[in-house]
Amino acid sequence: IDSHEEIAVSPEDDVEVRRTTLANYSSDTRVIDVTSFAEVVLNTPAADEAHPAFSKLFIETELLPDRNAIICSRRPRARGEQPPCLFHLMLLQGEETGRASFETDRAQFLGRGRDAAAPMAMETPTLSNSQGSVLDPAIAIRRTVTLKPGQSARITLVTGSALTRPALIALIEKYQDQSIADRVFELAWT
């Protein structure tokens, strides 16, 4: 199995695009689970560094399974505050097996006494699909791809932010089109 990853930041939108191409050069059919994982802050670095546990208490997560996406938002702590929103989505070009699964609870993903180098989630067939207010938020999406001999598949991860929920939903809809993600890489060359 050959893996090639490209990363670009869009000059047009507040998004990062990661594109991974997997190619099966063996003579056997391979079934591969692809799982993303990131921790969520949605605060200034200074605020997160000063009180990381307190800062995470204000994050809410929401799954959009029909869009293969997760939304994270920060509950306002003061009247008139407009905290940013975050989304993470995974697109798959290839033969998918099963359905996408999601995780937004870091403790559930890692497991007791484990870390990101050997998370418990990698030993389970699907993620828990948790959402809502969790003590320690994270974003993880798993999709399973089947690669026959000589086949390849492309997995695209898009992570972005916006100041309002409607703007965030618009970005999620925009990046459902694989050609938009491809455009980010084309613009990166210029």
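The structure reproduced in this document is the subject of the present report. (Residues numbered from 1 in each chain as written. Predicted model: local features only at pLDDT ≥ 70, side-chain atom pairs only at ≥ 80, totals over all residues. Heavy atoms only, no water.)

Let's talk about the overall build of the chain
At step 1: The number of helices and strands found in the chain is five helices and eleven strands.
At step 2: For 190 residues, the compact-globule estimate of 2.2 N^0.38 gives 16 Å, and the C-alpha radius of gyration of the chain, at 17 Å, lies within 12% of that figure.
At step 3: Overall, the C-alpha framework of the chain stretches about 60 × 45 × 30 Å when taken along its three principal axes.
At step 4: Within the chain, counting contacts between residues at least 6 apart in sequence, those at least 24 apart form 71% of the total.
At step 5: As displayed, the chain has an accessible area near 10200 Å², and 52% of this comes from carbon and sulfur atoms.
At step 6: Computed over 20 positive and 27 negative side-chain charges, the inter-centroid distance for the chain is 4 Å. (Helix = DSSP H or I, 4+ residues; strand = E, 2+ residues; numbered from the N terminus. Rg over C-alpha atoms; globule rule 2.2 N^0.38 Å. Contact = heavy atoms within 4.5 Å. Areas by Shrake-Rupley, 256 points an atom, 1.4 Å probe, with all protein chains shown as cover. Lys, Arg positive; Asp, Glu negative; His and termini not counted. Charge placed at Lys NZ, Arg CZ, Asp CG, Glu CD.)

Notes on the pattern of salt bridges
At step 1: Taken as a whole and assessed by the stated rule, the structure comprises 15 salt bridges.
At step 2: Ionic pairing is found between lysine 174 and aspartate 13, a salt bridge with its closest N-O pair at 2.7 Å. Of the two residues, lysine 174 sits in helix α4 (residues 165–174) while aspartate 13 sits in the loop between β1 (2–9) and β2 (15–23), which places them 161 residues apart along the sequence.
At step 3: We note a salt bridge from arginine 67 to glutamate 173, for which the minimum N-O separation is 2.9 Å. Within this pair, whereas arginine 67 is found in the loop between β5 (59–64) and β6 (69–74), its partner glutamate 173 is found in helix α4, the two being separated by 106 residues in sequence. (Salt bridge = Lys/Arg side-chain N within 4 Å of Asp/Glu carboxyl O.)

Some details on the packing of aromatic side chains
At step 1: Under the defined criterion, the tally for this structure stands at one aromatic pair.
At step 2: Pairing phenylalanine 37 with phenylalanine 109 gives two aromatic rings, centres 4.4 Å apart and planes at 10°, and the pair type is stacked. With phenylalanine 37 in the loop between β3 (30–35) and β4 (38–39) and phenylalanine 109 in helix α3 (residues 106–110), this pair connects stretches of sequence that are 72 residues apart.
At step 3: Taking relative accessible area as the criterion, phenylalanine 37 reaches 28% and is therefore assigned partly exposed.
At step 4: Lying across the ring of phenylalanine 185, arginine 19 places its NZ or CZ 4.0 Å from the centre. (Phe/Tyr/Trp six-rings, centres within 6.5 Å; stacked < 30°, edge-to-face > 60°. Buried < 20%, exposed > 50% of the residue type's maximum accessible area, 1.4 Å probe, protein only. Lys NZ or Arg CZ within 6 Å of the ring centre and 35° of its normal.)

Topic: the state of the cysteines
At step 1: The final tally for this structure, using the stated rule, is zero disulfides.
At step 2: Left unpaired, cysteine 72 is separated from the closest cysteine sulfur, that of cysteine 85, by 9.4 Å.
At step 3: The buried category is assigned to cysteine 72, whose relative accessible area is 0%. (Disulfide = S-S within 2.5 Å.)

Focus on α4
Every α-helical turn comprises 3.6 residues, leaving residues that sit three or four positions apart pointing alike.
At step 1: Restricting attention to buried positions, one finds in α4 the residues Leu168, Leu171 and Ile172. Mapping the buried residues of α4 onto a view down its axis gives an arc of 100°, with all of them on the same face.
At step 2: Capping the start of α4 is the job of one residue whose side-chain oxygen sits 3.3 Å from the backbone nitrogen of alanine 167: threonine 164. (Arc of directions from axis to C-beta. Polar contact = N/O pair within 3.5 Å; in protein donor to acceptor, adjacent residues only side chain to side chain.)

Some points on helix α5 (residues 178–189)
At step 1: Look at α5: 18 Å from first C-alpha to last across twelve residues, which is about the 16 Å you get at 1.5 Å a residue.
At step 2: Along α5, the positions that sit buried rather than exposed are Gln178, Ala181, Asp182, Val184 and Phe185. One side of α5 carries all its buried residues, which in axial view fall inside an arc of 145°.
At step 3: Elements that come into contact with the buried residues of α5 comprise β1, β2, β7 (85–93) and β11 (152–162). (Expected span 1.5 Å × (residues − 1).)

With respect to a nonpolar patch on the surface
At step 1: Where nonpolar side chains cluster on the molecular surface, the patch consists of Phe54, Leu57 and Leu135 and spans about 310 Å² of accessible area.
At step 2: Tracing the sequence through the fold places leucine 57 in the loop between α2 (52–56) and β5. (Patch = residues over 30% accessible without salt bridge, like charges linked within 9 Å, V, L, I, M, F, W, Y side chains within 5 Å.)

So, the nonpolar core
At step 1: Leu22, Val34, Val40, Ile70, Cys72 and Val145 are the most contacted members of the largest nonpolar core, which has 21 residues in total.
At step 2: Of all elements in the fold, only β3, β5, β6, β7, β8 (95–105), β10 (137–147) and β11 reach the threshold of two or more residues within this core.
At step 3: Among the elements that make up this core, the one with the highest residue count is β10 (four residues).
At step 4: Ile71, Leu168, Ile172 and Phe185 belong to the second largest nonpolar core, which has 19 residues in total. (Core = buried A, V, L, I, M, F, W, Y, C linked by side-chain atoms within 4.5 Å.)

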